[in-house]
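# Working through the structure, step by step
Each chain, written out:
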Amino acid sequence: MTSEKETAPILKYYVSGNWKESNSKDLHPVFNPSTGAILAQVPYASREEVNEAVESSQKSFPNWSTMPILERVKYLFKMKQVFEDKLEELASLNSENHGKTILESRGDLRRAIDNIDSAIAVAYTLSKGETLDQIASGIDESMVKEPLGVFAIICPFNFPLMIPFWFIPYAIVLGNTLVVKPSEITPFPMDGAMKIIASEVKLPPGVLNIVHGGRETVESLISNKDVKGVAFVGSTPVAKQVYKLAGEHGKRALVNGGAKNSIVVMPDADLGSAIPAIVSSFFGNAGQRCLAGSNLVALGKVHDDLLSKFTSAAKKMKIGHAFEEDVDMGPVVSKSAKERISSNIEKGVVEGAKLIIDGRSLRIDKYPDGFYLGPTIFDEVTPDMSISRNEIFGPVASTIQTNSLDEAIELINRGTEFGNMASIFTTSGRNAREFRLRVNAGNIGINIGVASPAANFPFGGRKDSFYGTLHAQIDTVDFFTDKKITIARW
Ligand code: NAD
């Protein structure tokens, strides 16, 4: 009898404007987390296939980089339009493979489109250089921003469409060419997006290539001599390895790592508006956002009221199949993610935290093989417990009680190695200002549960949440270009 895996289609890679069958025998299943069914198989590209993609990218660079930018930008106008037209189709692919609700998938795609818009604006604005006449008598100086060549883009599983587009539109409008490696767990949405780009946007062959794979594919990409730089988004242990490898090979690197975000609730907070934002921060995308709340820091007497309202809102959430419109939270992305998150919950219990709601007990009868976990809330978490320090990346909230804003800020700055996001809920401008000035994180929320920068702002982090200098989104204008100075006397 043939198994589900054997009959699942094998994803192709896209190189030189063609879809190609991989020779790789290293095949891995791609799941629909809502049902547990196998959607496809993803082949991990061999070094030869990676080199083929880089070569195709390298070959297209001379023509692409010298094409007038106002011609290149026309491809982005087209890309924006087809993404708008195919939004529902792409959102469905996204939910099918990731498990996030269809509403969340639409948001994922909206952010991808926002970045196309922002890169279109770059073509008319930030792509320009500078000049200064008479830097000395009879001598003028000018600076232009030049593209560098082939870049590798390495993506995580959790925003299969948004994150590749933190980079793709900027890199190509500025004249670079790309090899993109989607997550091996959620390759489906980018595969679908690439099919649409290939058939409707019709970029010149080699400008945008897709290869699939894992660690070895990434290492082959970074070590290829023709790759000028790598933009990576993923977990901190892998981020560290990628940053090190890029450094060893003398490559530019923009490396986003993991997160452990705190949400501080002051006694003066307006809980009526705070609770929905907090619930969405901890449990939206099943807690698999790099900007998700993970530690709920309750200040003094707000603790009891906050915890009871937060718990009751979490208990009302409907968990289920990503395509059901009234579902608030879908499954987590994989069986192994479910096991990892569950074992973190067990660790919290063993460490002595008080389990208020246990998401492990959730069963969805209609989809017994889906990767479901309900919202989990701990109370009486202390800063020394692993569940307050380490990234769990699932729908788990650790409530920590503190007595002062100073103590809460100290907890954020010293309690974890991460510095991606921190939020405060307060009605006091003074508290908010203190928080903004003193918290060491890349993204600060004030009465906001998910402080996600708009596309025309940089998206970065601090401490072990980011390695490099220039961040994602608009900051990539400087990442994807090099500045050339001319000093002229006539
Ligand atoms: P991951 O680190 O497992 O994988 C990320 C990418 O790296 C994938 O494409 C994977 O194939 C590749 N990879 C895996 N192991 C590798 C290795 N040893 N060497 C080289 N490449 C390797 O991350 P994930 O589980 O896909 O995504 C979730 C993580 O991403 C979380 O930690 C989350 O916080 C983080 N994340 C961060 C941001 C941010 O902006 N800081 C945004 C989204 C997600």
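Residues numbered from 1 in each chain as written. Predicted model: local features only at pLDDT ≥ 70, side-chain atom pairs only at ≥ 80, totals over all residues. Heavy atoms only, no water.

### Quick notes on the pattern of salt bridges
Here the structure, examined in full by the defined rule, presents 29 salt bridges. The partner of arginine 215 in a salt bridge is glutamate 219, and the shortest N-O contact between them spans 2.9 Å. Of the two residues, arginine 215 and glutamate 219 both sit in helix α8 (residues 215-223), 4 residues apart, roughly one turn of that helix. Accessibility expressed as a relative area gives 58% for arginine 215, which makes it exposed. Given a relative accessible area of 28%, glutamate 219 falls into the partly exposed group. Among the charged side chains, a salt-bridge network with shared partners connects Lys80, Glu84, Arg110 and Asp117. (Salt bridge = Lys/Arg side-chain N within 4 Å of Asp/Glu carboxyl O. Helix = DSSP H or I, 4+ residues; strand = E, 2+ residues; numbered from the N terminus. Buried < 20%, exposed > 50% of the residue type's maximum accessible area, 1.4 Å probe, protein only.)

### Some words on the sheet that holds strand β5 (residues 130-136)
The strand order across the open sheet built from 3 strands is β5-β6-β24, with neighbouring strands paired in antiparallel fashion. The strands lining the two open edges of the sheet, one partner per strand, are β5 and β24 (481-489). Pairwise comparison of adjacent strand axes, ignoring direction, gives a mean angle of 25 degrees for this sheet. Of the pairings in the sheet, the one linking strand β6 (residues 139-147) to β24 comprises 9 bridges and is antiparallel in character. Residue pairing for β24: glutamate 141 is matched across the bridge by isoleucine 487. (Pairing = 2+ DSSP bridges. Axes fitted to C-alpha atoms, helices over the stretch in contact; angles between N-to-C directions.)

### Let's talk about the pairing of strand β12 (residues 261-265)
For a regular strand, the rule is simple: side chains alternate between the two faces of the sheet. Of all 5 residues making up β12, 5 are buried, and the element is well covered by its neighbours. In β12, alternate side chains face the same way, and those of Asn261, Ile263 and Val265 on one face and Ser262 and Val264 on the other are all buried. Direction of pairing for β12 relative to strand β13 (residues 293-299): parallel, over a ladder of 5 bridges. If you follow valine 264 over to β13, its bridge partner there is valine 297.

### Notes on the side chain of lysine 260
Mapped onto the fold, lysine 260 is located in the loop between β11 (252-256) and β12. Although lysine 260 is buried, it forms no salt bridge, and the closest oppositely charged side chain is glutamate 391 at an N-O distance of 8.4 Å. Of note is the side chain of lysine 260, whose polar atom sits 3.0 Å from the side chain of serine 294. A polar atom in the side chain of lysine 260 sits 2.7 Å from the backbone oxygen of isoleucine 387. Those residues in contact with lysine 260 that lie beyond four places of it in its chain are Ser294, Asn295, Ile387, Ser388, Arg389, Asn390, Glu391, Ile392, Thr416 and Phe418. (Lys, Arg positive; Asp, Glu negative; His and termini not counted. Polar contact = N/O pair within 3.5 Å; in protein donor to acceptor, adjacent residues only side chain to side chain. Contact = heavy atoms within 4.5 Å.)

### Structural notes on the packing of α8 against helix α9 (residues 236-248)
Axis separation between α8 and α9 bottoms out at 10 Å; the angle between their running directions is 25 degrees. It follows from the interaxial angle that α8 and α9 lie roughly parallel. Crossing hand, α8 versus α9: right-handed. Residues Arg215, Val218, Glu219 and Ile222 of α8 lie in contact with α9, whose contacting residues are Gln241, Val242, Leu245 and Ala246. By residue class, the composition of the contact of α8 with α9 is 5 nonpolar, 1 polar and 2 charged. (Parallel < 35°, antiparallel > 145°, perpendicular 65-115°, else oblique. Left-handed = near helix turned anticlockwise from the far one by under 90°. Nonpolar A, V, L, I, M, F, W, Y, C, P; charged D, E, K, R; others polar.)

### Focus on the nonpolar core
Counting 127 residues, the largest nonpolar core has Met79, Phe83, Phe167, Val265, Ile278, Phe283 and Phe310 as its most contacted members. Take this core: its biggest share by element is 8 residues, from helix α5 (residues 102-124). Here this core gathers at least three residues from each of two domains, domain 1 (4-257 + 465-489) and domain 2 (261-455). Leave out the neighbours within four places in its chain, and phenylalanine 310 touches Ile275, Ile278, Val279, Phe282, Phe283, Leu296, Ile377 and Ala397. Counting 24 residues, the second-largest nonpolar core is a separate cluster that includes Val15, Val230, Val242 and Ala246. (Core = buried A, V, L, I, M, F, W, Y, C linked by side-chain atoms within 4.5 Å. Domains from an automatic or database assignment.)

### Regarding the site of the ligand
Close to the ligand lie 30 residues, the nearest being Cys155, Glu184, Ser235, Gly257 and Glu391. Between an oxygen atom of the ligand and a main-chain N or O atom of cysteine 155, the distance comes to 2.7 Å. Surface burial for the ligand is 90%, taken as the share of its 850 Å² of free accessible area covered by protein chains. Taken together, the elements giving at least two residues each to the shell around the ligand come down to α8, β10 (227-233) and α9. Looking at which element gives the most residues to the shell around the ligand, the answer is α9, with 3 residues. Here the shell around the ligand is composed, by residue class, of 15 nonpolar, 11 polar and 4 charged. Each of domain 1 (4-257 + 465-489) and domain 2 (261-455) contributes no fewer than three residues to the shell around the ligand. (Near = heavy atom within 4 Å. Areas by Shrake-Rupley, 256 points an atom, 1.4 Å probe, with all protein chains shown as cover.)

### So, the side chain of threonine 186
Mapped onto the fold, threonine 186 is located in the loop between β8 (177-181) and α7 (188-201). Threonine 186 sits in the buried class, given a relative accessible area of 1%. In terms of polar contacts, threonine 186 uses its side chain to reach the backbone carbonyl oxygen of phenylalanine 157, at 3.0 Å. Every residue in contact with threonine 186, bar those within four places of it in the chain, is listed here: Asn97, His98, Pro156, Phe157, Pro160 and Val333.

### Notes on the domain arrangement of the protein chain
Parsing the protein chain into structural domains produces domain 1 (4-257 + 465-489) and domain 2 (261-455). Relative to domain 2, the C-alpha centre of domain 1 lies at a distance of 31 Å. The largest share of the area that domain 1 buries against domain 2 comes from Pro33, Ser34 and Ser465, three residues that together contribute 22% of it. In this assembly, domain 1 and domain 2 are joined by 15 residue pairs in polar contact (both at pLDDT 80 or more). (Buried area = accessible area lost by both parts, 1.4 Å probe.)

### Some thoughts on the sheet that holds strand β18 (residues 421-425)
Pairing in this open sheet of 7 strands is mixed, and the strands run β14-β15-β16-β13-β12-β18-β19 from one edge to the other. For this open sheet the edge positions go to β14 (354-357) and β19 (443-446), each flanked by a neighbour on one side alone. Between one strand axis and the next, the sheet turns by 20 degrees as a mean value, whatever way the strands run. Sheet analysis places β18 next to β19, joined by 4 bridges and oriented parallel. Within the sheet, the bridge partner assigned to serine 423 lies in β19 and is glycine 445. The strands touched by helix α14 (residues 405-415) are β12, β13, β16 (396-402) and β18; relative to β16, the strand with the most contacts, the crossing angle is about 140 degrees.

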